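Survey of secondary and tertiary structure
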Amino acid sequence: MPNTLDPTARCLPWADLNAIPALAADYADGTGTAASYFAYDRHDIGDQQAAADVAATRPQDRAVLADVLTEQNAAWDNDTGRVQANINALRDPDTIAVVTGQQVGLFGGPLYTLYKTSTALAWAKHLADTTGRTVVPVFWIEGEDHDFEEIAHTHVLARNDVVRLDYAPDPAPAGPVGPHPLGDAIRAPLHALDEALPPSDFKPSVYGAIANAYTSERTLEDAFARLMATWFADTGLVLLNPDDRHLKQLVRPLIAHDMDHSAAAVEAVHTAGQALQDDGYHQQVQARPTNFFWMDDDGRYAIDANDDGTFTLRHDGRTWSRDALQRRIDETPERFSPNVVTRPLVQDQLLPTAAYVAGPGEISYFAQYRGVYEWADTTMPLIVPRASMTLVESKVQKVLDKYNLSVRDVEHQTAEQLFQSVVVDAMEVDIDQTFGQTTSRIHKALNDLKPMAEAVDATLGRSVEATRAAVVNEMNDLKQRVVRAEKRQQDEVRAQIEKVCVNLMPTRNLQERTLNPTYFFNKYSMDLLDTIRAHIDVDDASHRLIQL
């Protein structure tokens, strides 16, 4: 799929995007003090080598890791020769990994799933070139989160409208979402997706991949993993589900360390958060002891550390002694789930993580974690901003060109605001200038009239001012009526502007955060992935505008 745009002219700094937090924008763009909160300079070859050296020392047990990965990836039909070679390479103490991951979004989640994964693939190749090591790309499938609403829907385009696809089992899962069986409720969003995708040469394979993955007997995490295995079948991407008893056994020392010393970890998070605020950034994480949840069959619950050395489950008041808690850590480590603070620590104890590919929100989290890594007696890996992109179809680009608009304009203004500016600019008469000049003449006339009226009766000055206010109000009302009359004649313009906004900023959010890839795959084929990979630059995290 050729790209007809000059790549140097089709980039935006993250700071130009309203939806990106200032901290993440400064880190990606290399401005401000954001980089000082991270352990390494991701652009520095020496730091890349240092991160690789530290990563190679970290895995708790490479043999157990590789055995689990072999079993999991075979279950997801992700056991190609290249994947298996990468898993076997992880047994070698010199092998390192580039890791990314996310929650198990419906039908693969939004477009940034592709961007995060493709960035991890690009950085794996880059670090292999710069360090001379074997580097394995790993995708961490986060299924232990309990926020079902966040992952139970996705959006696709259909006839220039945004269609929301909802997975709505009854009842909704109360515990971790990943292990939830899809059941018959998955048929409704599958049918809605089929209806939304128009016939194309690519639909049988694109829709078929999703329908084959999301079957009623599978869980959310298994379906997600199977789809990822299909999308990235030729890349050697290794998939990992951390919700595994053998893997959780490897992090028992970290769980116990947190139960005994979680206050120090929380203090490190708070200290970094206060420093961020002092630098003018926001504090993303508000931590409190402890940093692991207890997973019951009906939910995932916080564990509070008490002053007397006992621990209480926040939701029901059950209290355990330290010894009783340790027995649970030893016997059922799979019942303990890391929170947002300890999740990266668990990841980096299991994997030789040299670099983690993070989205804007994750970058803000990691900015508060340098001290937490030190608390765990290790070092934060390289934190790499994921690729950020907007796919601009030719039909959309034509409208942008026609009205001299940019993607940045669409990101900063609503459809109505853009329509207003386009309509006013297109009118032959300059409404602002004409009404401004007329209003100025009215003011001058009243200013000339006021002394004469006051000479006749001093109280008439107030009448002149009242007249002025009334006339100005009538003029403003007349101006708006003129503009509205012109708008009514511009229905086609309105439809074109709305089409652009729906395509580029659906639901008034960045395209990459909202739209599922299937609309684009269905129209342009799976070769779109090659186009995406071709636009990733490990040295430049700018937001890319890719014309299709």
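Next up on the list: the confidence of the model for the chain. The share of residues in the chain with pLDDT of 70 or more is 97%, and the mean pLDDT across the chain is 92. Across residues 1-9, where pLDDT falls below 50, the model places 14 contacts with residues more than four positions away in sequence or in other chains.

Attention now goes to the pairing of strand β2 (residues 96-103). Consecutive residues of a regular strand have side chains that alternate between opposite faces of the sheet. Counting buried positions along β2 yields eight of eight residues, so the element is predominantly enclosed. As defined by bridge partners, β2 adjoins strand β3 (residues 135-142) across eight bridges and the pair is classed as parallel. Looking at β3, one finds that Gly101 is bridged to Trp140. At this point the chain moves from β2, through helix α5 (residues 112-131), to the parallel β3, and the crossover so formed is right-handed. One ladder, built from three bridges, connects β2 with strand β12 (residues 353-358); its direction is parallel. By the bridge assignment for β12, Val98 is matched with Ala355.

It is worth spelling out the sheet that holds β3 at this point. In sheet architecture, strand pairing relies on hydrogen bonds along the backbone and comes in two forms, parallel and antiparallel. Read from one edge to the other, the open sheet built from five strands follows the order β6-β3-β2-β12-β13, with strand pairing classed as parallel. The outermost strands of the open sheet, each flanked by one partner alone, are β6 (238-240) and β13 (382-385). Within this sheet the neighbouring strands show an average axis-to-axis angle of 30 degrees, counted without direction. Together, β2, β12 and β13 form the strand contacts of helix α2 (residues 45-56), whose direction differs from that of β12 by roughly 110 degrees. Here helix α9 (residues 220-231) sits on the sheet in contact with β2, β3 and β6, set at roughly 150 degrees to β3.

All right, on to the sheet that holds strand β7 (residues 292-296) then. The five strands are arranged β10-β9-β8-β7-β11 in an open sheet whose pairing can be described as antiparallel. Strand pairing shows two members of the sheet lacking a second neighbour, β10 (319-320) and β11 (336-338), which therefore form its edges. The sheet contact formed by strand β9 (residues 311-313) and β10 spans two bridges and is antiparallel. Looking across to β10, one finds that Thr312 is bridged to Thr319.

Along the chain, Gln102 turns up in strand β2. Residue Gln102 is classed as buried on the basis of its relative accessible area, which comes to 10%. Separated by 2.9 Å, the side chains of Gln102 and Thr113 make a polar contact. Beyond its immediate sequence surroundings of up to four residues, Gln102 is in contact with Gly108, Tyr112, Thr113, Lys116, Phe139, Trp140, Ile141, Glu142 and Phe224.

To describe a pair of aromatic rings, one takes the distance between the centres and the angle between the planes. One pass over the structure, following the stated rule, counts 10 aromatic pairs. Ring geometry for Phe139 and Phe224: centres 5.9 Å apart, planes at 40 degrees, overall tilted. Of this pair, Phe139 sits in strand β3 while Phe224 is found in helix α9, placing the two residues 85 residues apart along the sequence. For Phe224, a relative accessible area of 0% puts it in the buried group. Ring centres of Phe148 and Tyr167 lie 5.9 Å apart, and the angle between their planes is 65 degrees; this geometry places the pair in the edge-to-face category. Placement of Phe148 in helix α6 (residues 148-151) and of Tyr167 in the loop between β5 (161-166) and α7 (187-196) is noted, with a sequence separation of 19 residues between them. Take Phe148: its relative accessible area is 10%, and that puts it in the buried class. Sitting over the face of the ring of Tyr27, Arg42 holds its NZ or CZ atom 4.7 Å from the ring centroid.

Another point: the layout of surface pockets. Its boundaries defined by the atoms lining it, the largest pocket holds a volume of some 1200 Å³. If you trace the largest pocket, you find 40 residues lining it, with Gln102, Gln103, Tyr112, Glu150 and Glu362 closest to the centre. With five residues, the top contributor of residues to the lining of the largest pocket is helix α14 (residues 360-366). Looking at the lining of the largest pocket residue by residue, the class counts come to 15 nonpolar, 14 polar and 11 charged. What the second largest pocket holds in volume is close to 300 Å³. Arg82, Leu121, Ala124, Lys125 and Thr235 are the residues nearest the centre of the second largest pocket, which is lined by 14 residues in total. Of all the secondary-structure elements, those providing two or more residues to the lining of the second largest pocket are α4 (81-89), α5 and β3. For the lining of the second largest pocket, the element with the most residues is α5, which contributes five residues.

What follows deals with the environment of Ala272. Assignment of secondary structure puts Ala272 in helix α11 (residues 252-278). Relative accessible area serves as the criterion here: at 15%, Ala272 is assigned to the buried category. For the pair Ala272 and Tyr369, spaced 97 residues apart in sequence, the C-alpha separation works out to 7.6 Å. In contact with Ala272, other than residues within four places in its own chain, are Tyr37, Ala367 and Gln368.

What follows covers the pattern of salt bridges. Scanning the entire structure with this criterion turns up 29 salt bridges. For the salt bridge of Glu149 with Arg164, the shortest nitrogen-to-oxygen distance reads 3.2 Å. Linking Glu149 in helix α6 with Arg164 in strand β5, this pair joins segments that are 15 residues apart in sequence. Note that Arg288 and Asp304 form a salt bridge whose closest N and O atoms lie 3.8 Å from each other. One end of the pair, Arg288, is in the loop between α11 and β7; the other, Asp304, is in strand β8 (residues 299-305), and 16 residues separate them in sequence.

Attention shifts here to the nonpolar core. Core analysis: the biggest nonpolar cluster contains 90 residues, and Phe38, Met259, Phe336, Tyr369, Ile383 and Leu400 have the highest contact counts within it. Sorting elements by how many residues they give to this core places α11 first, with nine residues. Residue contacts for Leu400: discarding those within four places in its chain leaves Val392, Leu405, Ser406, Val407, Val410, Val500 and Leu504. By size, the runner-up hydrophobic cluster in this structure holds 57 residues, among which are Phe148, Ala158, Leu239 and Val502.

About the cut-offs
Residues numbered from 1 in each chain as written. Predicted model: local features only at pLDDT ≥ 70, side-chain atom pairs only at ≥ 80, totals over all residues. Heavy atoms only, no water. pLDDT = per-residue confidence, 0-100. Contact = heavy atoms within 4.5 Å. Buried < 20%, exposed > 50% of the residue type's maximum accessible area, 1.4 Å probe, protein only. Helix = DSSP H or I, 4+ residues; strand = E, 2+ residues; numbered from the N terminus. Pairing = 2+ DSSP bridges. Right-handed = clockwise from strand over helix to strand, strands pointing away. Axes fitted to C-alpha atoms, helices over the stretch in contact; angles between N-to-C directions. Polar contact = N/O pair within 3.5 Å; in protein donor to acceptor, adjacent residues only side chain to side chain. Phe/Tyr/Trp six-rings, centres within 6.5 Å; stacked < 30°, edge-to-face > 60°. Lys NZ or Arg CZ within 6 Å of the ring centre and 35° of its normal. 1 Å grid on protein atoms, 1.4 Å probe; cavity = no way out; pocket = protein on both sides within 12 Å on 5 of 7 lines; lining within 4 Å. Points joined across faces, edges and corners; volume = space filled by probe spheres on them. Nonpolar A, V, L, I, M, F, W, Y, C, P; charged D, E, K, R; others polar. Salt bridge = Lys/Arg side-chain N within 4 Å of Asp/Glu carboxyl O. Core = buried A, V, L, I, M, F, W, Y, C linked by side-chain atoms within 4.5 Å.

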